[in-house]
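# Survey of secondary and tertiary structure
So the chains spell out like this:
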Amino acid sequence: MAKQWRAHQPGPVEDWTFDEVEVPAPGPGEVTVRVRAAGINPADAKHVASARPGVEFPVAIGYELSGEITAVGPDAVGGSGELAIGDEVVAFRVQGAYATELNVPARDVFAKPATLSHAEAANLLLAGTTAAEMIQVTRAAEGETVLLHAASGAVGVSLLQQARVLGIRVIGTVGPDSAESAERVRRYGGIPVAYGDGLEERVVEAAAGAPIAAAWDAVGTDEAIDVSLALVAERDRIVTIVAPQRAKSDGILWVAGARPESARFRDIARPRILELAASGDLEVPVARTFPLTDAKDAVQFVMQGHPGGKVALLP
């Protein structure tokens, strides 16, 4: 029997249970993966905190993982080609990654980049494809200067690296008392500025005469949205991943993995993100790992904010 974290009803992380589950032989188009690491994202908790249309409980927790194939079902072809027992792989978007073993659709399984550990690989694709979509919808291009809010977070760090590859200059907001966050932004090619009173003026100074062509918001504060609106001429070049109400009221963009158009793009973006990681152009800083049995503590650690990097569960 395998073990898996599940939410049996809408509610907080404290209500999750670590259940024994049977993993049958994989069906057509499926593979069985032994999990070596599960990635943790705030969405893991947010998506089961309350009832949502179309969601039936119990819900298995976790959307991305890294592991090893232990069985291959009939007609199972992976996202990066043929799959075989023993292959090291990553999987995203799946359901139930907080587990010791599970069956997943082969189309969502890809060869793990050799450049990444399992803990790093398990945290690559959700943040990476989110960042790729933010770049795509704002039409950010080589030579432009873009404002990035929450630049030292998981999505922010992926945005910095992807922008660097594309030749996009990024000014990134960080906490006013966080030298570590500012250094992380510099490490990945960005120009850090402290949020707080006077943010707009500091961004203008950092831009050194260049217009702010677009803005990427991964924090959702009124300050972030207001400064973006003040500095970016075209509202359809401002995107948020955390402030849908401001998007609606101010006419800016909002993207989210649960939205059909976002899901389609992120599926298509997976191979490119894997290529960037395999080439060494995209790193995944991991701040901490937890045993799978301590998933509740790990998720609460992430939800408190500012973990300093990604967090992984290790069975």
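Residues numbered from 1 in each chain as written. Predicted model: local features only at pLDDT ≥ 70, side-chain atom pairs only at ≥ 80, totals over all residues. Heavy atoms only, no water.

## A closer look at the nonpolar core
To keep things clear, this is the line we draw: As used here, the term nonpolar core means buried Ala, Val, Leu, Ile, Met, Phe, Trp, Tyr and Cys residues forming a set that is joined through side-chain atoms within 4.5 Å. Relative accessibility thresholds used throughout: buried, under 20% of the residue-type maximum; exposed, over 50%; partly exposed, between the two (1.4 Å probe, protein chains only). Secondary structure follows DSSP: runs of H or I at least 4 residues long count as helices, runs of E at least 2 residues long count as strands, and numbering of each begins at the N terminus. Working rule for contacts: check all heavy atoms of both residues, and any pair within 4.5 Å makes them a contact.
Among the nonpolar cores identified, the biggest contains 34 residues, and Trp16, Val31, Ile40, Leu65, Tyr98 and Leu313 are the most heavily contacted of them. Counting residues per element, the ones that place at least two in this core are β1 (2-7), β3 (30-39), β5 (65-72), β8 (88-91), β9 (101-105), α10 (295-303) and β18 (310-314). When sequence neighbours within four positions are dropped, the list of residues in contact with leucine 313 reads Arg36, Ala37, Ala38, Ile40, Tyr98, Phe290, Pro291, Leu292, Ala295 and Ala298. Judged by nonpolar contacts, the second largest core, of 25 residues, contains Ala127, Ala131, Ile168 and Ala182.

## What about the packing of helix α3 (residues 125-137) against helix α9 (residues 260-279)?
Note the threshold: Only C-alpha atoms enter the line fits that serve as axes; for helices the fit covers just the stretch in contact. Angles between N-to-C directions range over 0 to 180 degrees. An angle below 35 degrees is treated as roughly parallel, one above 145 as roughly antiparallel, one from 65 to 115 as roughly perpendicular, and anything else as oblique. Whether a crossing is left-handed or right-handed is set by the direction in which the near helix is turned from the far one by less than a right angle, anticlockwise for left-handed and clockwise for right-handed. For this classification, Asp, Glu, Lys and Arg are treated as charged, while Ala, Val, Leu, Ile, Met, Phe, Trp, Tyr, Cys and Pro are nonpolar and the rest, including Gly, are polar.
With their axes 8 Å apart at the nearest point, α3 and α9 run at an angle of 110° to one another. Looking at the two axes, α3 sits roughly perpendicular to α9. The interaxial crossing formed by α3 with α9 has right-handed handedness. Of the residues in α9, those in contact with Leu125, Gly128, Thr129, Thr130, Ala132, Glu133 and Gln136 of α3 are Glu261, Ser262, Phe265, Arg266, Ala269, Arg270, Ile273 and Leu274. Residue composition of the contact of α3 with α9, by class: six nonpolar, five polar and four charged.

## Here's the deal with the sheet that holds strand β4 (residues 59-60)
Two modes of strand pairing occur in sheets, parallel and antiparallel, and in both the strands are linked by backbone hydrogen bonds. Defined as follows: Here, strands pair whenever DSSP counts at least two bridges between them.
The strand order across the open sheet built from three strands is β2-β1-β4, with neighbouring strands paired in antiparallel fashion. Edge positions in the sheet fall to β2 (17-21) and β4, since each has one partner strand and no second. For β1 and β4, the ladder comprises two bridges, and the chain directions are antiparallel. Residue arginine 6 lies in a different strand from β4, and its bridge partner there is alanine 60.

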